[in-house]
Amino acid sequence: MTVRLRYAPSPTGDPHVGNIRTALWSWLHARRLGGAFVLRLEDTDQSRAVEGSLQRIEDSLRWLGMEWDEGPDEGGPYGPYVQSERLERYHEATDRLLAADDAYRCFCTPGDLREMREQQRASGQPPGYAGRCRALDPDEAASRATAGESHVVRFKMPNEGSTTFEDMIRGPITYENRVLDDFVMLKSDGFPTYHLAHVVDDHAMEITHVTRGDEWIPSTPRHVRLFEALGYEPPVFVHTPVILGPDGGKLSKRHGAKSVLDYAAEGYLPEALCNFLAIIGWALDDSTEILSKDELIASFDLARLNPAPATFDTEKLEWMNGVYMRSLSLGDLAGRFAQRLDDDLPAEVARPLDAGLVDAFTPLIQERVKLLSEVAPMTDFFFASDVEVAEPGEFIARGMRKTPERAAPALKAAVAALEPLAAEWRTEPLEAALRALAEELGLRAGDLFMLCRVAVTGKRITPPLFETMEIVGAAPSLARMRAAVPVLAAAYPSDAPDAVEGGEDAGGGESGS
């Protein structure tokens, strides 16, 4: 048997990570067994359809690298792959069930149904359709329908006995038929409900495994009965575990229940999110967490899913993204940085971006960034012809907080020390000159470095200082440092602006670049 699995989202918005996780598991299972992965759009609830959803769904799958074999844009032997284009098939199935007395027309109004539910609550009965129209004469019902009276079609569930189905990861599950009401399979607008549409389509498209959230378990006995009434062989059912937030509650947006494209916008790598989603509820072993896509395909098996709820750990996702970021080759990473920078840098930055510049600073930040969205804020000064002088307080590191008046003279002295190096503006001479100056001035090296860092970049957190200054270049670096001196002098006046005396913070201290 060739396995065929499908992802059948509704076009009601961007697919969130829980929805995509189930699709990913289906894709991995199909790929491991050499089967087919089908994309089908379930748009029978027209009132909830959102314009552009199909494109966003496809973009999400493509970003994760989950190509599909058949679908709305790919076509295939079982199309069309959009349910609103398959209405004739659902009507044919409905007519068959009506003719076999496995379904009936129901003319109950919304008011009738509200009254029914109120009576059930008052008598302590479970809510559900009470079968009021079940005994209608089929010919009379057909006449009323032909006359244009609004109605739905309900499937006739057995009143006695039980229905059992096999879940791939939970084993046999049984429901008493008396707790299962006659469900609507065709709505008054002529569109099918999910119950009918997916049964007809999964049979027609020869789907072998149906993966969906475990909230569908109570509905599965109804689906099994519908498969049987239509003479179809039921697929293998795989009801996936729910994802919980870190606090044990329902996964929400504050926990990470965002769309896949939101994660892309935030700067996560598709490889990292794919790996992360795959192991929320499944594990290769007791210790392995980092798995490439090829490794996932080779080892994933739906039968080994853990039926227990799994926790969405955002901290683990961020850690995993950092691991993937650091594992990329510098060329690959620079390419991704350049693509992201093209999106994130201001319009006034000249395009195309200087690829050599991106190549130069990529190794400096590979160990420092966890998200692609962090690249532009950390490196935008490389692309600027000038930087705005930062607020004076940003220049002052720990050792200079008690004597900020030393800042302007120290930065002025740094300019004087570095000017002779303009022709040989390289990391090693720059570091040697500033370390020697810090000792001469009786300053912590880290305090002097911070003055230069903020002057050259406009930021306190940057790539390594001396490599950064080398890339920025002598003229821009010195010009930015000169521009900061009067700002610091005005904010922290000194009685001796051209000299810096030693003090209790002299020597040693913060020396990292």
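Everything that follows concerns the structure shown earlier in this document.
Owing to the predicted nature of the structure, the values given are computational and were not obtained by experimental measurement. (Residues numbered from 1 in each chain as written. Predicted model: local features only at pLDDT ≥ 70, side-chain atom pairs only at ≥ 80, totals over all residues. Heavy atoms only, no water.)

Colleague: Could you give an account of the overall build of the chain, naming the residues involved and the relevant values?
Modeller: In terms of regular secondary structure, the chain is built from 19 helices and 11 strands. For 513 residues, the compact-globule estimate of 2.2 N^0.38 gives 24 Å, and the C-alpha radius of gyration of the chain, at 33 Å, exceeds that figure by more than 25%. Projected onto the principal axes, the alpha-carbon positions of the chain cover approximately 105 × 50 × 45 Å. When burial is assessed residue by residue, the chain has 49% of its 513 residues classed as buried. Considering only contacts within the chain whose residues lie at least 6 apart along the sequence, 77% involve residues at least 24 apart. Counting only carbon and sulfur atoms, one obtains 49% of the accessible surface of the chain, whose full area is about 23,300 Å². Computing the positive centroid from 53 side-chain charges and the negative centroid from 82, the chain places the two 4 Å apart. (Helix = DSSP H or I, 4+ residues; strand = E, 2+ residues; numbered from the N terminus. Rg over C-alpha atoms; globule rule 2.2 N^0.38 Å. Buried < 20%, exposed > 50% of the residue type's maximum accessible area, 1.4 Å probe, protein only. Contact = heavy atoms within 4.5 Å. Areas by Shrake-Rupley, 256 points an atom, 1.4 Å probe, with all protein chains shown as cover. Lys, Arg positive; Asp, Glu negative; His and termini not counted. Charge placed at Lys NZ, Arg CZ, Asp CG, Glu CD.)

Colleague: So what's going on with the nonpolar core? Which residues, and what values?
Modeller: If you look at the biggest cluster of nonpolar residues, it comprises 113 residues, and the most contacted ones within it are Phe312, Phe383, Leu418 and Met481. Counting residues per element, this core draws most heavily on helix H17 (residues 445-457), at 9 residues. Of all hydrophobic cores here, the second largest spans 30 residues; its members include Leu98, Leu196, Val200 and Leu226. (Core = buried A, V, L, I, M, F, W, Y, C linked by side-chain atoms within 4.5 Å.)

Colleague: Requested: an account of the side chain of His195, with residues and values cited.
Modeller: Take His195: it is sitting in helix H6 (residues 194-204). Discounting chain neighbours no more than four positions away, the residues touching His195 are Phe183, Val184, Trp216, Ser219, His223 and Leu226.

Colleague: Give a detailed account of the sheet that holds strand E7 (residues 184-186), specifying residues and quantitative values.
Modeller: In spatial order, the strands read E3-E4-E7; together these 3 strands make up an open sheet with antiparallel pairing. This sheet does not close on itself; its edge strands, each paired only once, are strand E3 (103-106) and E7. Going from strand to strand, the sheet's axes swing by 45 degrees on average, the running direction of each strand aside. Where strand E4 (residues 152-155) meets E7, 2 bridges bridge the pair, whose relative direction is antiparallel. Bridging across to E7, Val153 finds its partner in Leu186. (Pairing = 2+ DSSP bridges. Axes fitted to C-alpha atoms, helices over the stretch in contact; angles between N-to-C directions.)

Colleague: Outline the pattern of salt bridges, supporting the account with residue identities and numerical values.
Modeller: Scanning the entire structure with this criterion turns up 33 salt bridges. With a closest N to O distance of 2.8 Å, Lys156 and Asp101 form a salt bridge. Highlighted residues: Lys156 in the loop between E4 and strand E5 (162-167) and Asp101 in the loop between helix H3 (87-99) and E3, separated in sequence by 55 residues. You can call Asp101 partly exposed: its relative accessible area is 44%. (Salt bridge = Lys/Arg side-chain N within 4 Å of Asp/Glu carboxyl O.)

Colleague: Tell me about the side chain of Thr379, residues and numbers included.
Modeller: Its place among the elements puts Thr379 in helix H14 (residues 375-379). Relative accessible area serves as the criterion here: at 0%, Thr379 is assigned to the buried category. Of note is the side chain of Thr379, whose polar atom sits 2.7 Å from the backbone oxygen of Val375. With residues near it in sequence (within four places) discarded, Thr379 still touches Leu341, Phe361 and Ile365. (Polar contact = N/O pair within 3.5 Å; in protein donor to acceptor, adjacent residues only side chain to side chain.)

Colleague: Let's hear about the packing of helix H13 (residues 355-365) against helix H18 (residues 465-472): which residues, and what values?
Modeller: The geometry of H13 relative to H18 is characterised by a closest axis approach of 10 Å and an angle of 175 degrees between their N-to-C directions. Comparing the axis directions of H13 and H18 gives the class roughly antiparallel. Along its contact with H13, which presents Leu357, Ala360, Phe361 and Leu364, the element H18 presents Glu467, Thr468 and Ile471. When the residues that make up the contact of H13 with H18 are grouped by side-chain class, the tally is 5 nonpolar, 1 polar and 1 charged. (Parallel < 35°, antiparallel > 145°, perpendicular 65-115°, else oblique. Nonpolar A, V, L, I, M, F, W, Y, C, P; charged D, E, K, R; others polar.)

Colleague: Which residues make up helix H12 (residues 330-344), and what values go with them?
Modeller: Taking 1.5 Å per residue, 15 residues should reach 21 Å; H12 reaches 20 Å between its end C-alpha atoms and fits that length. Of the positions making up H12, those classed as buried are Leu333, Ala334, Arg336, Phe337, Arg340 and Leu341. Each buried residue of H12 lies within a common arc of 165 degrees when the element is viewed along its axis, so the set occupies one face. Residues of H12 that are exposed and angled more than 90 degrees away from the buried face: Gly331, Gln339 and Asp343. Contacts from the buried residues of H12 go to helix H8 (260-266), helix H9 (270-278), helix H11 (314-327), H13 and H14. (Expected span 1.5 Å × (residues − 1). Arc of directions from axis to C-beta.)

What is shown is where atoms sit, not what they do.
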